[in-house]
Amino acid sequence: MTLLFKVDPARGRAWKALFAEQAPDIEVRLWPEVGDASDIRYLATWQPPEGIAERFPNLQVLFATSAGVDQFDTATLPAWVQVVRMLDPGIVQGIVEYATMAVLALHRDLPLYLQQQRQGLWQEHPHVPARRRRVGVMGLGNLGQAVLRQLHGFAFELRGWSRTEKQIEGVQCFAGEAELQAFLAGCETLICLLPLTPDTAGILNARLLAALPRGACLINLGRGGHLVDDDLLAALDCGQVRRAIVDVLATEPPGPDHPLMVHPNVWVTPHIGAVTHPESAFGVLLENLRRHQRGEVMEGVVLRERGY
Ligand code: NDP
Ligand code: OXD
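Because the structure is predicted, anything quoted here is derived from the model rather than measured.

Conventions adopted
Residues numbered from 1 in each chain as written. Chains lettered and ligands numbered in written order. Predicted model: local features only at pLDDT ≥ 70, side-chain atom pairs only at ≥ 80, totals over all residues. Heavy atoms only, no water. 1 Å grid on protein atoms, 1.4 Å probe; cavity = no way out; pocket = protein on both sides within 12 Å on 5 of 7 lines; lining within 4 Å. Points joined across faces, edges and corners; volume = space filled by probe spheres on them. Helix = DSSP H or I, 4+ residues; strand = E, 2+ residues; numbered from the N terminus. Nonpolar A, V, L, I, M, F, W, Y, C, P; charged D, E, K, R; others polar. Near = heavy atom within 4 Å. Polar contact = N/O pair within 3.5 Å; in protein donor to acceptor, adjacent residues only side chain to side chain. Areas by Shrake-Rupley, 256 points an atom, 1.4 Å probe, with all protein chains shown as cover. Buried < 20%, exposed > 50% of the residue type's maximum accessible area, 1.4 Å probe, protein only. Domains from an automatic or database assignment. Contact = heavy atoms within 4.5 Å. Buried area = accessible area lost by both parts, 1.4 Å probe. Salt bridge = Lys/Arg side-chain N within 4 Å of Asp/Glu carboxyl O.

## Here's the deal with empty space enclosed by the protein
Point 1. Summed over all chains, the structure comprises 2 cavities of 30 Å³ or more.
Point 2. Lining the largest cavity are Phe 63, Ala 64, Val 84, Arg 85, Met 86, Leu 87, Val 284, Leu 285, Asn 288 and Glu 299.
Point 3. Elements represented by at least two residues in the lining of the largest cavity include exactly strand S4 (61–64) and helix H10 (278–293).
Point 4. At 3 residues, H10 tops the list of elements feeding residues into the lining of the largest cavity.
Point 5. A class-by-class count of the residues in the lining of the largest cavity yields 7 nonpolar, 1 polar and 2 charged.

As structure tokens, this is what we get:
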């Protein structure tokens, strides 16, 4: 049972050490030292190599080391290869921290106060209590729901949107295209935590932004492919969107003069919303390997026809 990691060298060494210590029966190899490629049953990676099917004829499971799997072209994989996304509790923690930081920064007008400080200005603005701020989350999966649980503690008025109907305590839930406009109409701060699929590509566009209350804020933690950059820039420039915080861009890294990088009302971070740490992710990966070895269903299996 050989598991190949194609990850950065430091993380690769950490994964290998964890397996050697806690699951020595699983042989771990680190890319590019593949050895006999026909031994490889499991591949764990963020960026897959070209031609997986031809290169690893006995591959059974492709484990993403990320929660998102849009970087994999599943159409090129044989039908028997299962694709599994990463359900690392460390990723959940990272996204909850980032989303909370971003929502609170916008709620407490931090960008404005920092700008004032640079201008030497000591000026207070009216304070709106959290219970009168409406925050919405697109994507009510592992991450979206964890973010809502945390925000519930601050008493924000919460709503969420997903493909299928949900019931979440303290959250007004909306589902599907038919309820999207009604959902958006109550999002003064909108957080995108959707997976990138053919259905969600470009979803953060002019039509969607126009459906938000005037002066709303956007936080994109999903993928750069969700956002139509020019539509956001136009919405910022006309005041429909007040501020945006984006952790992901369609092309990463962007050039230093990317219009979102230089816009005064946009904060950009370099895709650091969450980072997979071998220490926190090891338990879930090992449990899935054991499940697969026992012929059981693994956690986080991607449904190819759904794209997530
Ligand atoms: P999940 O698969 O657990 O949840 C996805 C959610 O999106 C589900 O609620 C699903 O609806 C909803 N959804 C999918 N397609 C649609 C659609 N067409 N219309 C409406 N809702 C839809 O994913 P996670 O929560 O684990 O992760 C979400 C994404 O977050 C990842 O795919 C990745 O892109 C991004 N991410 C970003 C990180 C960063 O560092 N910035 C880190 C980690 C993840 P339903 O429940 O009905 O199926
Ligand atoms: C992920 C990410 O999907 O880091 O895990 O973006």
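On we go.
## Observations concerning the site of ligand 1
Point 1. Among the 29 residues in the neighbourhood of ligand 1, the closest are listed as Leu 140, Thr 164, Lys 166, Asp 247 and Tyr 308.
Point 2. Measuring from an oxygen atom of ligand 1, one finds a backbone N or O atom of Leu 140 at 2.9 Å.
Point 3. Contacts to ligand 1 include Leu 143, whose backbone N or O atom sits 2.9 Å from an oxygen atom.
Point 4. The fraction of the free accessible surface of ligand 1 (940 Å²) that becomes covered by protein chains is 93%.
Point 5. Only helix H3 (89–107), helix H5 (142–152) and strand S7 (157–162) provide two or more residues apiece to the shell around ligand 1.

## What to know about the site of ligand 2
Point 1. Every residue lining ligand 2 is accounted for by Ser 66, Ala 67, Gly 68, Ile 91, Arg 223, His 271 and Ala 274.
Point 2. Within the backbone of Gly 68, a nitrogen or oxygen atom sits 2.8 Å from an oxygen atom of ligand 2.
Point 3. Taking 210 Å² as the accessible area of ligand 2 by itself, protein coverage stands at 84%.

## Concerning unusual backbone geometry
Peptide bonds are mostly trans, and most non-glycine residues show a negative phi.
Point 1. Here the residue pair Trp 31 and Pro 32 is connected by a cis peptide bond, since its omega of 10° sits within 30 degrees of zero.
Point 2. Examined against the element boundaries, Pro 32 turns out to sit in the loop between strand S2 (27–30) and strand S3 (40–45).
Point 3. Positive phi is not limited to glycine here, since Asp 109 has a value of about 60°.
Point 4. Tracing the sequence through the fold places Asp 109 in the loop between H3 and helix H4 (110–118).
Point 5. Given the relative accessible area of 13%, Asp 109 is considered buried.

## Remarks on the domain arrangement of the chain
Point 1. For the chain, the domain assignment lists domain 1 (2–88 + 276–294) and domain 2 (90–268).
Point 2. In this structure, domain 1 and domain 2 have C-alpha centres spaced 32 Å apart.
Point 3. With 10 residues of domain 1 at the interface, the matching set in domain 2 holds 7 residues.
Point 4. At the boundary of domain 1 with domain 2, total buried surface from both sides reaches about 660 Å², with 53% on carbon and sulfur atoms.
Point 5. Counting the surface domain 1 buries against domain 2, the share from its top three residues, Ala 67, Asp 70 and Asp 88, is 61%.
Point 6. Residues Arg 223 and Asp 70 are paired through a salt bridge, measuring 2.9 Å at the closest nitrogen-oxygen approach.
Point 7. Linking domain 1 with domain 2 are 4 residue pairs in polar contact (both at pLDDT 80 or more), by the criterion used here.
Point 8. A per-class count over the side of domain 1 that touches domain 2 returns 4 nonpolar, 4 polar and 2 charged.

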